[in-house]
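Geometric and topological summary
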Amino acid sequence: MASTMNCISLLLLLGLALVQKSQAQQLCTPFDEDALLVFKSDLSCNDINNPSIPCPLDDWVPGTDCCQWGGVQCDASHRVTSLIVAAYFRQPMTFQLSRASDSASFGRSLPRLTELQDLEFDFINLDTYLPPAWGSITKLRRLSIYATSIYGEIPREFGKLSELTTFTIDTLAPGLFGFGLSGKTGIPRELCKLSKLKNFVMRYHPNLSGGIPDCIDGWRSIENFQFFNGGDENGRDFALKTATATGLTGVLPASLGNLKNLRSLNLAANSFGGLIPRSLGYLTSLETVNLAMNRLTGEIPAEFGNLKSLTHLFLYKNRLFGEIPNSLGKMTAIEVLDVASNGFYGPIPDRMYNLPNMHRLRLDDNRLWGPLPRGDYLGRNLAISLVMNVSWNFLDGPLNPRQLPKNIYELRMSTQNGRMAFTGISPTIRVLKNLRVLDLSHNQLTGELPTTFNDMPNLEVVDLSINDFHGKVPSRLKAINANLSGNTRLVM
């Protein structure tokens, strides 16, 4: 009996060894290996004087299993499904990997990877246009290109990539890694066929003009649509566009309103004109809309009040006008609202800074008039610090701190040339216990500075310059070196 068991165990061990040997001999397919080796010849590895960082293609050796090569992944059938080539970059302009072949032949072998689904390049000096031949990688689901000095237009042939879900070309640092794509076709109509596309991200391509085709609603799966040349989620308003590098142009098509799955729309720092489509107000999944730094005209659609999931709305630096619609008070999820540097007029809607989750509100550089509305809405989340800027308007009336939101962290109400006409500062300023930054410069404020400033230990930055205060300066303002210049009657 024991000898029988020993024989069975021996047979099992022999069988396991044969399986392992068979698996070890299962290499990637010869045609996938050949396609990758041809692609390797398209690139050259440069000396970066750092032997601790090997070339990412050093282990691409003929006759070895290409499924084990750096950046390559295969499926159970040993077919290449993913290729990610990421190299080292060091300033100034030192790329570890660069294109070696001529532009016309670069990347031509990749469509031979017929199971390829994932393609990514990071920090490679390609210095070429996007190969139209990649439109034949029929199973491709993700194409992501970061900091590769790519140029030219989006190939129309990419409209054949019917499985594509993510398309990203991000220059990361324009000028350092080139200024991205260029041309006049914008988003080609052929790309409207990409019905499975969920993410379309084009970051910093100011030399690519042209528009968004009206067939864009063919992107019925799209969730994230970004084509921007400046600005960010922190409200920085830098823009790369110039008189000659305008970014996308034309009008925003009403068909954008058919993208029912859209959650993020960022078209900042382009040159779109015309009206904001009212149809956007019916995309109830929208969480972020950034149309800042364009040439949009007209009013904010009242339909935006329907956007109950919207948390960020950026419309600054356009040519918008009219009254700010009261319907925006229905956007109860809104956290950041920035409509600065437009031509809005009329009073500030009562609930504008009473929205419960608001933490940054910019209404500056418009033509708003009247007093500040009451800000003591009981539904406000007082755990959220509010930053508010209403400078450069035509506001007036008493400045009553008791009517300001109690959680205000930063308040800016600067102006020049007497555009705003507030009276002095009330001693009740001390009720704003969370206030860190206060800018009331260049107004017509008079009277004495209230000693209750001494009861505000959280104050860090105060600018009361170019007013007409008189009397003694409270010790708290002295301690933080408040800017009091231009108040000639103050006694330090």
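Figured I'd write up the structure that's included with this text. (Residues numbered from 1 in each chain as written. Predicted model: local features only at pLDDT ≥ 70, side-chain atom pairs only at ≥ 80, totals over all residues. Heavy atoms only, no water.)

Phi is positive for His78, close to 65°, though the residue is something other than glycine. Within the secondary structure layout, His78 lies in the loop between strand E2 (72-74) and strand E3 (80-86). Positioned with a positive phi, Asp365 is a non-glycine residue whose angle comes to about 60°. Considering the arrangement of structural elements, one finds Asp365 in the loop between strand E20 (360-362) and strand E21 (367-370). (Helix = DSSP H or I, 4+ residues; strand = E, 2+ residues; numbered from the N terminus.)

This brings us to the packing of aromatic side chains. Using the criterion set out here, one finds 14 aromatic pairs in the structure. A ring pair is formed by Trp60 and Trp69, whose centres lie 5.4 Å apart and whose planes are at 20°; its orientation type is stacked. Of the two residues examined, Trp60 and Trp69, each falls in the buried class. Judged by centre distance (6.3 Å) and plane angle (50°), the ring pair of Phe106 and Trp134 falls under tilted. Remark: Trp134 occurs in the loop between strand E7 (118-122) and strand E8 (142-146) and Phe106 occurs in the loop between strand E6 (97-99) and E7; sequence separation between them is 28 residues. Exposure class is identical for Phe106 and Trp134. Each is buried. Each member of the aromatic cluster is reached from another via a ring pair, and the members are Phe158, Phe167, Phe200, Trp219 and Phe225. (Phe/Tyr/Trp six-rings, centres within 6.5 Å; stacked < 30°, edge-to-face > 60°. Buried < 20%, exposed > 50% of the residue type's maximum accessible area, 1.4 Å probe, protein only.)

Turning our eyes to something else, we now look at empty space enclosed by the protein. Applying the stated criterion across every chain, the model contains two cavities of 30 Å³ or more. Roughly 40 Å³ of volume is contained in the largest cavity. What lines the largest cavity is Leu399, Pro401, Leu404, Leu411, Ile425, Ile429, Leu432, Leu438 and Leu440. Tallied by class, the residues present in the lining of the largest cavity amount to nine nonpolar, no polar and no charged. Approximately 30 Å³ is the volume attributed to the second largest cavity. Residue lining of the second largest cavity: Tyr146, Ala147, Thr148, Ser149, Ile150, Ile169, Asp170, Thr171, Phe177 and Gly180, and that is the complete set. Partitioning the lining of the second largest cavity into residue classes produces five nonpolar, four polar and one charged. (1 Å grid on protein atoms, 1.4 Å probe; cavity = no way out; pocket = protein on both sides within 12 Å on 5 of 7 lines; lining within 4 Å. Points joined across faces, edges and corners; volume = space filled by probe spheres on them. Nonpolar A, V, L, I, M, F, W, Y, C, P; charged D, E, K, R; others polar.)

We now examine the pattern of salt bridges. Taken as a whole and assessed by the stated rule, the structure comprises 18 salt bridges. Here Glu303 ties to Arg278 by a salt bridge, and the two come within 2.9 Å at their closest N and O atoms. Taken as a pair, Glu303 in the loop between strand E15 (295-298) and strand E16 (312-314) and Arg278 in the loop between strand E13 (273-275) and strand E14 (288-290) lie far apart in primary sequence, 25 residues in all. Where salt bridges share partners, they join Asp118, Glu120 and Arg142 into one cluster. (Salt bridge = Lys/Arg side-chain N within 4 Å of Asp/Glu carboxyl O.)

Glancing now at the pairing of E8. Taken together, the five bridges between E7 and E8 define a ladder with parallel strand orientation. Following the sheet pairing, Glu120 is matched in E8 by Ser144. As judged from the five bridges shared by E8 and strand E9 (residues 166-170), these two strands associate in the parallel manner. When the sheet's bridge partners are listed, Tyr146 is paired in E9 with Asp170. (Pairing = 2+ DSSP bridges.)

Now for the nonpolar core. Within soluble globular proteins, side chains that are nonpolar generally end up buried alongside one another. Counting residues in each nonpolar core, the largest one holds 120 residues, and the members touching the most others are Trp134, Phe200, Trp219 and Phe225. With residues near it in sequence (within four places) discarded, Trp219 still touches Ile187, Leu191, Cys192, Leu194, Leu197, Phe200, Phe225 and Leu259. In this structure, Ala292, Met293, Tyr316 and Val336 belong to the second largest nonpolar core, which totals seven residues. (Core = buried A, V, L, I, M, F, W, Y, C linked by side-chain atoms within 4.5 Å. Contact = heavy atoms within 4.5 Å.)

It is worth spelling out the sheet that holds strand E30 (residues 489-491) at this point. The strand order across the open sheet formed by three strands is E27-E29-E30, and the pairing between neighbours is parallel. Looking at the sheet topology across the chains shown, the edges are occupied by strand E27 (446-448) and E30. Strand-to-strand twist across the sheet, computed as the mean angle between neighbouring axes with direction ignored, equals 20°. For strand E29 (residues 468-472) and E30, the ladder comprises three bridges, and the chain directions are parallel. Paired with Lys472 across the bridge in E30 is Val491. (Axes fitted to C-alpha atoms, helices over the stretch in contact; angles between N-to-C directions.)

If you walk across this open sheet you meet the seven strands as E13-E15-E17-E19-E21-E23-E25, and the pairing is parallel. Both edges of this open sheet fall to E13 and strand E25 (421-422), since each of them pairs with a single strand only. Where strand E17 (residues 319-322) meets strand E19 (residues 343-346), two bridges bridge the pair, whose relative direction is parallel. The residue bridging Gly322 from the neighbouring strand is Phe344, located in E19.

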